[in-house]
Each structure stands twice: as structure tokens, then as C-alpha cells.
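Letter by letter, the chains look like this.
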Amino acid sequence: MSLLPRSAEEFSSAEYWERFFRKRGEKAFEWYGDYNSLCGVLHKYIKPRDKVLVVGCGNSELSEQLYDVGYRHLTNIDISETVVSHMTQRNAQRRPDLVFQQVDASQTGYESSSYQAALDKGTLDAMASEEEGALASRMLAEVARVLTVGGRYVCVTLAQEHVIKLAVEYFAESGWAIRIHCLSQQSQDPDSSSFALPVFILICTKFRQPAPFAVLELCQGEDGAPCRLASVPELLGVIKERQAYALMLQKLRSGTDTTSAPTLTLCHAATGRPRYTLTVQDSLPSIKVSRANNFAIFIVPQGRESDWLYGSPEGRAQLASSAKFRRLIIVAMHREQEYEDMQAVQSELSPMVMELAPPGMPVNQQVPFLSVGGDLGWREVVGRGVSDLTGEYSVEDVRGEDGHLYRRLVFMNNAQLVQSESRLRSTTASTSSHKKKGKKKLKPIANDTPASAGKGHIIDRGFLCCTHHEVMVAALAMLGMETIKNKDAMVSVLVVGLGGGGLPQFLRDFVPNVQVEVAELDPAVLEVAQTWFGFHTDERLKVIVGDGLEHISTLASQGGHFYDVIMFDVDSKDPTLGMSCPPPAFVEISHLEKVCKLLTPRGVFMLNLVCRDSALRQSVMERIQTVFSTVYSRSIEGEVNEVLLCSRGECEGHQHPVTLQELQQAAKGLQGALRSSSQNAPCNPQIDISAMLKNLRVA
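Given the structure is predicted, the values throughout are model-derived calculations rather than measurements.

Our focus in this paragraph is the packing of helix α6 (residues 134-146) against helix α7 (residues 161-173). Interhelical geometry of α6 versus α7 gives an angle of 40 degrees and a closest axis separation of 11 Å. Judged by the inter-axis angle, α6 sits oblique to α7. Both α6 and α7 take part in a crossing whose hand is right-handed. Contact with α6, carried on its side by Ala-136, Ser-137, Leu-140, Ala-141 and Ala-144, involves Leu-166, Ala-167, Tyr-170 and Phe-171 of α7 and no other residues of that element. Residues belonging to the contact of α6 with α7 are distributed by class as follows: 8 nonpolar, 1 polar and no charged.

Okay, structure coming up:
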């Protein structure tokens, strides 16, 4: 299968091209490749019998080399009298039929439809900067005039953005077929390493009548299969991606860099759809690496791309350090793509990933492919849809590292993040056989993945996949022993952010006498939770579809509404912020004061905080501590998440907050209460309350 690279690195056109043309100097044609690098494509589109107009021939040897292999109908034109005189004298004896004429390419004076091909090596690039492109436009019009029906304009170009846009748009509007070959430029000049640009060959074919639809194609290499593009902007975008990829390769070949981890996407050449995402991870200089361990490829199991180890910068750095290779390529497979087996994946990737090898690696060195358990993992997309607020989403079943099956909700605008996750259990399995994930590692189940996880499997409502959800449940112990022991005491909970509904459903199913109210902004999320994640509302579990901020403001202004617990588990949709959970407005002092106002005297505010910006985190903590006198923090191992547990305490003159020692006593009582409440439930709660509260600290 043919793959095309798509680099995520920005290609800075203006600065890059300015440096390029300064460097190029008088060696212009060396940058476009010699006859040996171009002949494969030229011979495909220009035949020896064709009458060929060579536009802006300069002192290039290309026409001479074509003449020597049988092309005897070449007319070379150039506006420079010096060039024409020099080239004529140079070829007078050896190539008497090779014609050189001093002619302006924008007004040749030749008869219309008199040539079968026009060959341009760098002339369009030079002319496009003159007269704001007007000169180049006149040249293209003249080429179109002198070419016969079926004739081809073959242009060797570096495809600077304004150059290729001018040519492609001109011929596309004229109804010509357009095909572009992207050739890798392998310069032998050590001074040219900073300009390792790909060379493009533009082939425009003249039709008798304009085509009824745009014919826009791109080929990788001289023999690559053509990939059809739908529009001129899409074609120009792919060209820019090829240039960005070349720039990235240049950087990777110049040395290792632990400060960045560039990524690129390999796309199916025929469809253009993403197939693999590659992340280049170099090991820290402090890591001792064997001389033989220069380079390795790690295949991430399907469905595991969002795991911390593979989906976060910190996790990938740890993976590279533990693998002990100088450079590790971490490969993630895309959903809705089929992969035969590990051997097929290796064969498909091998030609492309070798371009990413670190500098100085021996040519014949073996490059190992690494994986977990030797298989590709497993994933099945069971549902798809579109949210008006967050766009496309996918519901998929995957096999976890522990061998269990999990159901995940993923929004495609951030496909590396699992929005919600629940574990699946067999409808025939005993509930007592389930063990908590992470307690005991099970061997991956290689041959026990069902054809469809939905058949014979249901959501395990007694299992919470997210540790921060477990901490929030365990923190109910902060309500105190009196509340837990009192079987008649109602516990009111407001949860902002539904997700798959696992947290509020767990509260409803296992916490005695609980009343749960959920505020969820997105109606599509509620539908997903009910359809795919076993979420069911009743008189003890209700959902308000609307803005959580507005809901809290309304309740606070109305008065008379109080909750024992308020939980914030809502993410930010703005990826540019240093805090991905919650959105900044949720931790403004004015809003926190409303939250405090809605709590009962014994009430607890729980916040899932995900903040990578230390200064921003400090600001959030100061605001929270301004409103709540006692704040506990529980970090989540291996993740950025931390859960903040905020007590009203003495801020309103009520009871003192419980101590950590009292919490451990209450934890035992809460564990027993959950166990007793589950007697009538279809499954058991799988949570260790005391363990979730052990690492609690005063913030």
C-alpha cells in the first residue's frame, strides 16, 4: 500500500524562500535536479517524436542530454542573446540539429498548435516574481497557444506558493488536466543541506473541450499512483505538506532533539485518508544507549492511543527512556482503517520510517519493531454521530492492557483524548470475578475478542474507569460518620458534566438515599450516555440539559436550593488554554461563591482540575482558598489530574471540617454502606474507599 506523509509542522514560506534564493545564486539549475533524477517522469510525458519547445533553456545540460537519448525535435528559447550564442557554439559539432533561438517566451511568434510539448525547468519560478506575476501569466498563455490538442506543458518547479498557485489556477480555469509529481531532492552538495527541498514536476494536458470536472492529481515519486484531489486549494495544501515534510526530514537528519517530538501523518495514497500517525521521540542525553540501539519503531495497540504512556508528551518520553533507543518512532493506527497483522503493518511502514532514522546510523543496521504482546490490539467502532456543540464523535469498544473490554467516547476534534470510558462485562460472567484495573495485571487476551463486544456484553456500572471519579466517590466520607450511619438521611448531589454518565450512575446505584442531579450542556452527550453507556434516569437521578454555570447562578439567585455535594467534572473546549478542566469561568471567585452558597453546612465541593500551567494552577488555588477555608488535594498518579476537595468548614460559622484521621474512619463506614446498598443491584461496587483517600493532603 502506498503511503503519503503529512507533516504537522508549519512551513514558513516567506523566510524559508528568501534564504533559499539568496543561497541559490548562479547554481540555479542544480536545485532542480539533473537529467538522471528527472528523466523517469520526462520520458513518461514527452516522447522522442514530439516537437518540443524548451522554454527559458539557459545553460542547462538537460536539452543536450535529451538530444543524446533520441529527442531530435527540440527548440530551445531564451531571452538572453549571450546564452543562445554560447549554447549554439557549444553544440554546433556534436548536436547540429539542436536549435537555440533568442525568443521572448511571453510572445514567441510561433504558429498556434505547433508543438506537442513545452518543457520548462525553473523558468516559471523565475518569471513569477516579475510584474506581480503578470509576466508569468503571459508566458503560460503563450505556451497554451502554441501547444496542440493533447499537448503537455511539463514544468520542473520548486513550487513556491505563489508560483504553483498561479500555474495551477490558470490551467484549471482553462479546463486542462493537471498532474503533479513530487520527487525527493537528494542533493550531494554539503552546502545545500539546509535546502533539501522536494522538486515538483507539473504536467498540464490540453483538451479539445474543457473537462466537465476538474482533473487534479498528485503522484509521489516518478511511479506513484495518482491521488485525485477535489479542488485547487486541496492540491496546493498537499504540496505544502510535502514541503513541510521535507523540512522536517532535514531537521531530523541533522541531529537528535529531545526538546521537541515532531509528528506526521501517513495517509492512504489512493484515498488521502489518515492511516498512521508517527511521533519522533529522541531519548535524553542522560539515558545510556547501546551503540546497536540507534533506532526502533513502536506500534501502539489499536484503541490504546489515548493511554497516558502513548498519548501524552510525558508518557512518550518515558516510553522512549525505558526502551533505551536513541530514537523511537511511536506509531498509532487510525480508526476506520483495516490492518491485516503485525507483519503487514511492518512491511507497509518500513520504506517510510527509514527516512526518519537518526544521523550516523549504519546503513545495514537492523531496525526492530516493538509492540505490546506482539499483536495489533483490537478496536470496534459501535456508534457514530455529530454534536452541534463539539462536532463528530465515535463510540468504540477496545481491549485494554488488562485483557478486559472497554467502551469509549471520543470526539474527533481531539481524537487523542478519551472523553468517557466504561468497562464492559459479560452478561454470563459472575460479578465477583471482576478485579479492579491496576490491582493485578492480567495477560492480554489474544484470541478472546468477540466479533462484536456489544453482543453478550453490557456496561459494568459498578466499575469506575477514571481514578478521579473514584476519589470523588470516596470523598463522600467528608460528609462525616453521622451522615453515613443515618440510613434515613438524604444525600443531595449536583454533578456538572455528564460524559458517559458513569459517575452519577454509580452514585445513584450504590450510595444509600442519594438524590443526584446532573447539569449537561450538550444534548448529544446525554443521548450517547443513554444509548451506549447504560445511563438511566429516574426519580433519584435527573438530568438538566443546559449551561452548568447558568444553572448554578439561577439556583443561587432563587435561594432555597442546597446540596451536600457539588462536583465539577467538565472539560474546556479551548485547547490553547493551559487548563483543560474545568473551563476558566468555572473557577472565577464570583462563581465559586455561588457554589459555596448552594452547599449545606456539611457540604463539600469537589473539582477535577487538569492544569499544566503552574502559574495558572497557583492562581486557581488562591481563588478557591479565598472562598473555602479547607481544601484537600489528591493527585492522580501518572496523570495531570488532581481532585480538589473543598469544605465550607468555618467560612460560614458552621462545624469544623473533618480531619484526615476522621476521614479514614468514615471511609470504612462508607465502604460498608456501598456494599449493603449493592445487594439489590445487578453488580457490585468495585472501589477501595480507604485507598482513594490515603494520599490526600492539605492544599
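From this point on, the discussion continues.
Attention shifts here to the packing of aromatic side chains. Taken as a whole and judged by the stated rule, the model has 11 aromatic pairs. Relative to Trp-176, the ring of Phe-171 lies with its centre 4.7 Å away and its plane at 45 degrees, an arrangement referred to as tilted. Residue Phe-171 is classed as buried on the basis of its relative accessible area, which comes to 0%. On the basis of relative accessible area, Trp-176 is assigned to the buried category, the value being 7%. Centre to centre, the rings of Phe-506 and Phe-510 are 4.8 Å apart; their planes meet at 55 degrees, and the pair counts as tilted. Taken together, the residues span about one helical turn, with Phe-506 and Phe-510 both in helix α14 (residues 502-510) at a distance of 4 residues. When its relative accessible area of 0% is taken as the criterion, Phe-506 is described as buried. The buried category is assigned to Phe-510, whose relative accessible area is 0%. Ring pairs connect the aromatic residues Tyr-153, Tyr-170, Phe-171 and Trp-176, which therefore count as one cluster. A cation over an aromatic ring shows up here: Lys-51 above the ring of Tyr-115, its NZ or CZ 4.9 Å from the ring centre.

If you trace the 5 strands from one edge of the open sheet to the other, you get β16-β17-β18-β19-β20, paired in antiparallel fashion. Each edge of the open sheet carries a strand with a single partner, namely β16 (379-387) and β20 (457-459). On average, each strand axis in the sheet is inclined to that of its neighbour by 25 degrees, with strand direction left out of account. Pairing of β16 with strand β17 (residues 391-399) involves 8 bridges; the strand directions are antiparallel. Directly across from Arg-379, in β17, lies its bridge partner Val-398.

Strand pairing in a sheet is mediated by backbone hydrogen bonds. Such pairs are either parallel or antiparallel. The strand order β4-β3-β2-β5-β6-β8-β7-β9-β10 describes an open sheet built from 9 strands, whose pairing is mixed. Taken across any chain shown, the strands that pair with only one partner, and hence form the sheet edges, are β4 (99-102) and β10 (227-228). Pairing between strand β2 (residues 52-55) and strand β3 (residues 74-78): 4 bridges, direction parallel. Counted as the bridge partner of Val-54 is Asn-76 from β3. Packing of α7 onto the sheet brings it into contact with β6 (147-157), β7 (177-183) and β8 (199-205), and relative to β7 it is tilted by some 150 degrees. Packed on one face of the sheet, helix α8 (residues 232-254) meets β7, β8 and β9 (216-220) and runs near 15 degrees to β9.

In globular proteins that are soluble, nonpolar side chains generally tend to be buried together. Formed by 55 residues in total, the largest nonpolar core has its most connected members in Val-473, Leu-476, Leu-507, Met-567, Met-606 and Ile-689. Sorting elements by how many residues they give to this core places helix α19 (residues 660-677) first, with 6 residues. Ranked by size, the runner-up nonpolar core spans 43 residues in total, among them Tyr-110, Val-143, Phe-171 and Trp-176.

Applying the stated criterion across every chain, the model contains 29 salt bridges. In this structure, the salt-bridge partner of Glu-401 is Arg-304, at a minimum N-O distance of 3.5 Å. Taken together, the residues span a long stretch of sequence, with Glu-401 in the loop between β17 and β18 (405-411) and Arg-304 in the loop between β13 (295-299) and α9 (308-311) at a distance of 97 residues. On the accessibility criterion, Glu-401 (41% relative accessible area) is partly exposed. In this structure, a network of salt bridges that share partners links the residues Arg-304, Asp-307, Glu-401, Arg-408 and Glu-421.

Along strand β14 (residues 327-333), 7 of the 7 residues are buried, which leaves the element largely enclosed by surrounding structure. Covered by surrounding structure in β14 are Arg-327, Ile-329, Val-331 and Met-333 together with Leu-328, Ile-330 and Ala-332, the residues of both alternating faces. Taken together, the 7 bridges between strand β12 (residues 274-282) and β14 define a ladder with antiparallel strand orientation. Bridge pairing links Leu-278 to Val-331 in β14. Strand direction decides the pairing type here: β13 and β14, joined by 5 bridges, are parallel. Directly across from Ile-297, in β14, lies its bridge partner Ile-329.

Once that is clear, we can look at the environment of Ser-619. By the secondary structure assignment, Ser-619 is in helix α18 (residues 614-627). For Ser-619, a relative accessible area of 29% corresponds to the partly exposed category. Separated by 32 residues in the primary sequence, Ser-619 and Val-587 place their C-alpha atoms 9.7 Å from one another.

For the protein chain, per-residue confidence averages 85 on the pLDDT scale, and 88% of positions sit at 70 or higher. Overall, residues 187-195 carries pLDDT values under 50, and its contacts beyond four positions in sequence, including any with other chains, amount to 13 contacts. This stretch, residues 650-654, has a pLDDT under 50; its non-local contacts, to residues over four places away or in other chains, come to 9 contacts.

So, how was this worked out
- Residues numbered from 1 in each chain as written.
- Predicted model: local features only at pLDDT ≥ 70, side-chain atom pairs only at ≥ 80, totals over all residues.
- Heavy atoms only, no water.
- Axes fitted to C-alpha atoms, helices over the stretch in contact; angles between N-to-C directions.
- Helix = DSSP H or I, 4+ residues; strand = E, 2+ residues; numbered from the N terminus.
- Parallel < 35°, antiparallel > 145°, perpendicular 65-115°, else oblique.
- Left-handed = near helix turned anticlockwise from the far one by under 90°.
- Contact = heavy atoms within 4.5 Å.
- Nonpolar A, V, L, I, M, F, W, Y, C, P; charged D, E, K, R; others polar.
- Phe/Tyr/Trp six-rings, centres within 6.5 Å; stacked < 30°, edge-to-face > 60°.
- Buried < 20%, exposed > 50% of the residue type's maximum accessible area, 1.4 Å probe, protein only.
- Lys NZ or Arg CZ within 6 Å of the ring centre and 35° of its normal.
- Pairing = 2+ DSSP bridges.
- Core = buried A, V, L, I, M, F, W, Y, C linked by side-chain atoms within 4.5 Å.
- Salt bridge = Lys/Arg side-chain N within 4 Å of Asp/Glu carboxyl O.
- pLDDT = per-residue confidence, 0-100.

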